[in-house]
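One-letter residues, chain by chain:
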Amino acid sequence: MTEAEWQVIRPLLPIPAWFQGRGGRPEGYCHRVMLDAVRYVADNGVKWANLPADFPPYRRVHAFARRWQVTGLLAELHDRLRDRVRAKEGRAVDPTAAIVDSQSVRAAANIPCSTSGWDGERRWEGVSGTWWWTASAWCWPSR
């Protein structure tokens, strides 16, 4: 991790309880080194046991990553970084997404055919597996 990357990530990390005087003991390794090791595994696709000797022992790194995953800290760090990128790009911090389930839309009798968003996808079981056919101009009448 470069110094510039660390300057961005450091304020987003949680402050350890021992550092705030709330008990506990200091961790054996710096968060920067541990995050570097986790990034190395994720980036290179290697197994934990194949971490280079430059990093802490793989069992410690794996325990760190697992603890952060279980407690939700990795997801929180990801969300904070995503929010910063979106804000920097001038976009809304909260992403928007829409999922259209064709079966739910098709079953709703109160939605007009012209706005249903259903593409008439049909499926047949053939000898060689499942066949798909899509006719975007079709709209099935409601029952």
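Read on for a plain summary of the structure. These numbers come from a predicted model, not from an experiment. (Residues numbered from 1 in each chain as written. Predicted model: local features only at pLDDT ≥ 70, side-chain atom pairs only at ≥ 80, totals over all residues. Heavy atoms only, no water.)

**Observations regarding the packing of helix α2 (residues 31-44) against helix α3 (residues 58-71)**
For clarity, the threshold we go by: Axis lines are fitted to C-alpha atoms, over the contacting stretch for helices. Their N-to-C directions set the angle, which ranges from 0 to 180 degrees. Starting at the N terminus, helices and strands are each numbered in turn, a helix being any DSSP run of H or I of at least four residues and a strand any DSSP run of E of at least two. If an angle is under 35 degrees, it is roughly parallel; if it is over 145, roughly antiparallel; if it lies from 65 to 115, roughly perpendicular; otherwise it is oblique. By the convention used here, residues are in contact when the closest approach between their heavy atoms is within 4.5 Å. In this classification, Asp, Glu, Lys and Arg are treated as charged, Ala, Val, Leu, Ile, Met, Phe, Trp, Tyr, Cys and Pro as nonpolar, and every other residue, Gly included, as polar.
Two numbers describe how α2 lies on α3: the axes approach to 10 Å, and their chain directions differ by 90°. One way to sum up the angle between α2 and α3 is to call them roughly perpendicular. Every residue of α3 that contacts α2 at H31, M34, L35, A37 and V38 is listed here: R60, V61, F64, A65 and W68. Residues belonging to the contact of α2 with α3 are distributed by class as follows: eight nonpolar, one polar and one charged.

**Considering α3**
This is how the line gets drawn: Expected span of a helix, by definition, is 1.5 Å for each gap between consecutive residues, and there is one gap fewer than residues. Note on classification: 1.4 Å probe, protein chains only; a residue is buried when its accessible area is under 20% of the maximum for its type, exposed when over 50%, partly exposed between these limits. Here the arc refers to the set of directions running from the helix axis out to each C-beta atom.
In a regular helix each residue adds 1.5 Å, so 14 residues correspond to 20 Å; α3 covers 20 Å between its end C-alpha atoms and thus fits that length. Every buried residue of α3 is accounted for by V61, F64, A65 and W68. What you see down the axis of α3 is that its buried residues fit within an arc of 90°, all on one side. What points out from α3, more than 90 degrees from its buried face, is the exposed set R59, V70 and T71. Tucked into the core, α3 has its buried residues touching α2 and α4 (73-88). The positive-phi residue at the C-terminal boundary of α3 is G72, with phi of around 90°.

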